[in-house]
Structures are given as structure tokens and as C-alpha cells.
Amino acid sequence: MSVEKVDTLVVGAGQAGIAMSEHLTNNGVSHLVLERERIAERWRTGRWDSLVANGPAWHDRFPNQEFKGVDPDGFPDKECVADYFVDYVKMIDAPVRCGVEVLSAKRNEGRAGFVVKTSDGTIEARNIVAATGAFQHPVIPPLVPESADITQIHSFNYRNPDQLPDGAVLVVGAGSSGAQIADELMRSGRKVYLSVGPHDRPPRSYRGRDFVWWLGVLGLWDVAAMKPGTEHVTISVSGAYGGKTIDFRNLASEGMTLVGMTQSYEDGTMHFAPDLAQNIAAGDANYLSMLKMADAYIDRNGLDLPEEPAAWDLGPAPECVTTPMLDLDLAKAGVSTILWATGFSQDFDWLEVDAFDDAGKPRHQRGVSSEPGIYFLGLPWQSRRGSTFIWGVWHDAKHVADHIATQRIYLSYRSPADCEKTDA
Ligand SMILES: Cc1cc2nc3c(=O)[nH]c(=O)nc-3n(C[C@H](O)[C@H](O)[C@H](O)COP(=O)(O)OP(=O)(O)OC[C@H]3O[C@@H](n4cnc5c(N)ncnc54)[C@H](O)[C@@H]3O)c2cc1C
């Protein structure tokens, strides 16, 4: 049976795989993109119904194409984001093959390249780019046994309030997903408890500029690595309802009960850490530091942007913060569902190469792995804070494609002696 050969195989046709394809084409590298489902599938079916982009349309996009029919300062809904990528694939004529899953990839013995088993046959590739996403497997901390008499669902599987059984909901995790879903559930008339851990919560906008603009001009998207000790600090922002700053005080004043980090579960009771006030204070400090940096930037550059004194007013701490609840008897409180907004893990089981550390994490420098010919794209902090965002992955893809193109130049080099051998 003949084996298909490609120079570079890109696995995954989310935004990472599509950006990769564009830059490979620009570098004249022939390639194939394999996608097990559809283009940008995660945006279609891996998110809740009402999700809109967290960043405005002018910003959360690739540089070469704007969103059609969306206010540049608006927040496109998830279908619109998925359609954007489908259109993009057409625009750049990317060689995407959908419905083909990559099952395994191994290095060839005694010669360059990799043999790749797919659901549609075998492919030989000189290079492989794993663009399979940072948010693959929903992670639920093993606190509440499956046998417990309560519905447990991860944010990945949440669609809308009607999907959940009647009753109150405990949302665990107050990053962008948890905070938005908790808000939606409360607006639908549910009693909601929200477990809030360490978080950053930038202002949605300040002095007439969205926070994405502030992060850009202040150089904060380009920060190369997380500060040690902040690995578990999530970012809480939202484009929902036109885009509003997430302030947990406001959610509490509308009826939500905030609790600290979820710690343990015993006999139907959930126990929370006594860290709520501390987490809220750290989130406030992050918010206020952004305002300060923005003011300093405006002064330094003599910008004429309207003052916004109201942004500095943080109302009083709500009672659930000053007198935090440490235990919640779920049945007594009428909680029928625990919604885990606790993040995702990656899955590279199919990639059987020497490119991972002892913890199974990709060993790489800006996506160029320790195994020659293997590349990663879309990893959190691949090169900077912006790496998993739509616009950020595009720039990382350029670096990876440039590396592949440079390697091709080395590999195509022939010394005079090589040429003589060939001529003989
Ligand atoms: C809830 C949520 C909201 C977000 N909102 C924003 C936002 O507003 N703005 C922003 O910039 N970013 C946002 N992000 C971050 C990021 O933009 C998205 O997660 C985006 O989907 C990541 O794109 P990706 O291409 O890296 O991965 P994915 O979109 O996950 O694409 C990977 C693709 O690989 C395919 N695949 C996986 N394994 C295989 C295999 N073995 N063989 C073949 N195909 C395979 C999958 O089917 C998938 O289509 C959000 C993330 C989440 C979770």
C-alpha cells in the first residue's frame, strides 16, 4: 500500500493549526493540516451557548482579516468566531483535511522524519506541528465521589441553565468561565454559590480603552513567563452583556454567595478555605495596579483620555466576604449541581517522541521541541502571555514556520564533495 508523504504535518485545525498553515505557505513549505472533527470545532461545540469572545473584534483576530459584520469594539459570539476561521481557511486556501484523527506519530528508525498513523491511513512527515490546543481534557479535582447524590458537570460540558436539574448551583472556579457561567445561572433565577480562588481581574475598560489595549501598550501581553507562584492565578474577564468588569462585589450584591477555595467534601458537605477575603483583596490589588499603570502611561505620553474617577471606587466588601461561609451542606442549601470551572489538561499521548519532560509537559523553546522535527503551537505561555489567544498564536506560528524553513535550508545544503558524489 502506498504511503502518503508530506513535508510538514500540522495536527489540529483550530486557530493554531490555521495560523501555522498560513505561515508555512508564506515560507513555501508544503504541508497538510489534519483535523479530527471540523475547523475550529472547539468554538462550535466545546463552549457554552452564550459565549462571546473575551476580547473585542478589532483585537481578538488574525492580522490579515477583520471580522465581517461585527462592530470592531463588540464581542463576537462563538459561532461567529468559528465562522471567521472557516472563512480564513478559504481565504488562504489552507490544505485542511477534516474528519481525520491522528492516532500515533513515531520517529523513523535510521532516517529522518516520522511515521504517522491516522484514522485514514499512514502518512510520512518530515516535521510534525502539534496544534491540538491547550484546553483539551476537562479537569475535575477528585473531591466529590461520582456516587454522591449530586450532578457534577465541567464548564466544557455546560451549555445553558436549562440543561441543569432544578435547584441551586455551586460553581467552583472564578476565572473567566466560572465567573461568566455563575452570572448567567444567577440571571436565570438560580441561587448560585461561587468558589473564588486567586485571580486577576483587569478592568474591562479604563479611560476609554479596553483592557486588551492597555495590556498591549503596557507590554503586558509580551511578558515571557508567569511570575513564580502565580501558576494558579486565573484571569477573570468577560465580553458578555456588552463587556463588563468582573467585580465579585457586584455579583454578591445581586444575590450570589461567594465562598473561598473549595477544599474538601465529606458526607454531603463541602468545605471551603478561609481565603475568600484574601483572594478578593489580591484581585482588587491587581485591578487597581492596572489603573495606576494606565494613569502613569497617559501622563508619560501626554494622552488626552477622559479621566474616570469612578473606576477607583470599590464598594464595601459584602457580608459573604467579611463573614465567609466555610461549610455548605449541599442538600440543605438545595444545591443540585456542582459546576466545575477548574480548567483543562493537554493530551499528547499520540505523540510518541522524546519531547516531554518527566511530568509529561512539552520540552520546547517557543514551540521548537527538543526532538528535531517536532513542534508545538498554542501552548500556554509558549512565548508570552498572549500565546493561547487568537492574535498571539499567529505570531508564535510565524516563529515556528520560520524555524522549519531555516532547517530546510540546512538540510538542502550540498557541499562540492556531495555534488561530485551525486554526479559520479
Ligand atoms: C471558554 C474559553 C473561552 C475562550 N475565549 C477566548 C477569547 O475570547 N479570545 C481568545 O483569543 N482566546 C480565547 N480562548 C483561548 C483560545 O483562543 C481557545 O481555547 C482556542 O480554541 C485555542 O485554539 P487552538 O487552535 O490552540 O486549539 P483548539 O481550538 O482546541 O484546536 C485544536 C484542534 O485540534 C483537533 N485535534 C486534537 N487532537 C487531534 C488529533 N489527535 N488528530 C486530529 N485533530 C486533533 C481538535 O479537534 C481541535 O479542533 C478561550 C478558551 C476557552 C476554553
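Residues numbered from 1 in each chain as written. Predicted model: local features only at pLDDT ≥ 70, side-chain atom pairs only at ≥ 80, totals over all residues. Heavy atoms only, no water.

Mind laying out the pattern of salt bridges, listing which residues take part and the relevant values?
Two side chains carrying opposite charge are able to pair once their charged atoms lie near each other. Applying the stated rule across the entire model yields 21 salt bridges. When the shortest N-O distance is used, the salt bridge between Arg36 and Glu101 registers 3.9 Å. A residue pair is termed long-range when its members are at least 10 positions apart, and Arg36 in the loop between β2 (31–35) and α2 (41–45) and Glu101 in the loop between β3 (96–98) and β4 (102–107) qualify at 65 residues. For Arg36, a relative accessible area of 43% gives the class partly exposed. Assessed through its relative accessible area of 34%, Glu101 is described here as partly exposed. Here the salt bridges share partners, and the residues they tie into one network are Arg44, Lys78, Glu79 and Asp83. (Salt bridge = Lys/Arg side-chain N within 4 Å of Asp/Glu carboxyl O. Helix = DSSP H or I, 4+ residues; strand = E, 2+ residues; numbered from the N terminus. Buried < 20%, exposed > 50% of the residue type's maximum accessible area, 1.4 Å probe, protein only.)

Report on the sheet that holds strand β17 (residues 269–272), specifying residues and quantitative values.
Read from one edge of the open sheet, three strands run β16-β17-β18, paired in antiparallel fashion. The open sheet has two free edges, formed respectively by β16 (262–266) and β18 (327–329), since each of these has just one partner strand. Within this sheet the neighbouring strands show an average axis-to-axis angle of 20°, counted without direction. The pairing of β17 with β18 spans three bridges and is antiparallel. Counterpart to Thr269 in the pairing with β18 is Asp329. (Pairing = 2+ DSSP bridges. Axes fitted to C-alpha atoms, helices over the stretch in contact; angles between N-to-C directions.)

Account for the nonpolar core, with residues named and values stated.
Side chains that are nonpolar tend, in soluble globular proteins, to be buried together. In this structure, Met20, Phe62, Phe85, Leu194, Phe248, Leu258 and Leu339 are the most contacted members of the largest nonpolar core, which totals 67 residues. Looking at which domains feed residues into this core, each of domain 1 (4–136 + 346–417) and domain 2 (138–340) gives three or more. Phe85 has contacts with Gln15, Ile18, Ile39, Ala40, Trp43, Phe62 and Ile390, leaving out every residue within four places of it along the chain. Core analysis: the next-biggest nonpolar cluster, separate from the first, contains 23 residues, Leu9, Ala130, Phe348 and Val353 among them. (Core = buried A, V, L, I, M, F, W, Y, C linked by side-chain atoms within 4.5 Å. Domains from an automatic or database assignment. Contact = heavy atoms within 4.5 Å.)

Please set out the domain arrangement of the protein residue by residue, giving values where relevant.
Segmenting the protein into domains produces domain 1 (4–136 + 346–417) and domain 2 (138–340). Taken together, the contact pairs 24 residues of domain 1 with 29 residues of domain 2. Interface area, domain 1 with domain 2, both sides summed: about 2,100 Å², of which 59% is carbon and sulfur. Across the contact surface, domain 1 and domain 2 share one salt bridge. The shortest N-O distance in the salt bridge between Arg384 and Asp222 comes to 3.2 Å. Tallied by class, the residues present in the side of domain 1 that touches domain 2 amount to ten nonpolar, nine polar and five charged. (Buried area = accessible area lost by both parts, 1.4 Å probe. Nonpolar A, V, L, I, M, F, W, Y, C, P; charged D, E, K, R; others polar.)

Quick one: what's the story with the site of the ligand, residue by residue and with numbers?
Neighbouring the ligand are 28 residues, the closest being Gln15, Glu35, Asn54, Asp60 and Ile390. At a separation of 2.8 Å, a nitrogen atom of the ligand approaches a polar side-chain atom of Asp60. In this structure, Val102 approaches the ligand through a main-chain N or O atom, which is 2.9 Å from a nitrogen atom. Taking 990 Å² as the accessible area of the ligand by itself, protein coverage stands at 95%. (Near = heavy atom within 4 Å. Polar contact = N/O pair within 3.5 Å; in protein donor to acceptor, adjacent residues only side chain to side chain. Areas by Shrake-Rupley, 256 points an atom, 1.4 Å probe, with all protein chains shown as cover.)

Which residues make up the layout of surface pockets, and what values do they have?
Volume-wise, the second largest pocket comes out at about 230 Å³. Lining the second largest pocket are 14 residues; nearest its centre among them are Asp183, Lys244, Thr245, Ile246 and Leu251. Listing elements by their share of the lining of the second largest pocket, those giving two or more residues are α4 (176–187) and α6 (248–253). The element contributing the most residues to the lining of the second largest pocket is α4, with four residues. Of the residues assigned to the lining of the second largest pocket, the class counts are five nonpolar, four polar and five charged. (1 Å grid on protein atoms, 1.4 Å probe; cavity = no way out; pocket = protein on both sides within 12 Å on 5 of 7 lines; lining within 4 Å. Points joined across faces, edges and corners; volume = space filled by probe spheres on them.)

Describe the packing of aromatic side chains, naming the residues involved and giving the relevant values.
Considering all chains together, one arrives at 17 aromatic pairs under this definition. Aromatic side chains Phe62 and Tyr84 sit 6.5 Å apart centroid to centroid with 70° between the ring planes, which places their arrangement in the edge-to-face category. Of this pair, Phe62 sits in the loop between α2 and α3 (78–92) while Tyr84 sits in helix α3; the two residues are 22 residues apart in sequence, bridging distant segments of the chain. With respect to burial, Phe62 and Tyr84 carry one shared label: buried. Both rings, one in Phe356 and one in Phe376, keep their centres 5.7 Å apart while their planes meet at 70°; by these two values the pair is edge-to-face. (Phe/Tyr/Trp six-rings, centres within 6.5 Å; stacked < 30°, edge-to-face > 60°.)

Lay out helix α1 (residues 15–26) in plain terms, naming residues and giving numbers.
With twelve residues, α1 extends 17 Å from end C-alpha to end C-alpha; this agrees with the ideal 16 Å at 1.5 Å per step. The element α1 is extensively covered by neighbouring structure, given that ten of its twelve residues are classed as buried. Among the residues making up α1, those that are buried are Gln15, Ala16, Gly17, Ile18, Ala19, Met20, Ser21, Glu22, His23 and Leu24. Lining the buried residues of α1 we find β1 (4–11), β2, α2, α3, β6 (121–130) and α9 (390–412). Phi turns positive, to about 70°, at Gly28, one or two residues after α1. (Expected span 1.5 Å × (residues − 1).)

Can you break down α4 residue by residue, with the values?
Spanning twelve residues, α4 covers 17 Å between terminal C-alpha atoms, matching the ideal 16 Å at 1.5 Å per step. In terms of burial, α4 is largely enclosed, as ten of its twelve residues are buried. Taken together, the buried positions of α4 are occupied by Ser176, Gly178, Ala179, Gln180, Ile181, Ala182, Asp183, Glu184, Leu185 and Met186. Tucked inside the fold, the buried residues of α4 contact β9 (168–172), β10 (192–195), β14 (234–235), α6 and β19 (335–340). Gly189 lies just past α4 and shows a positive phi near 105°.

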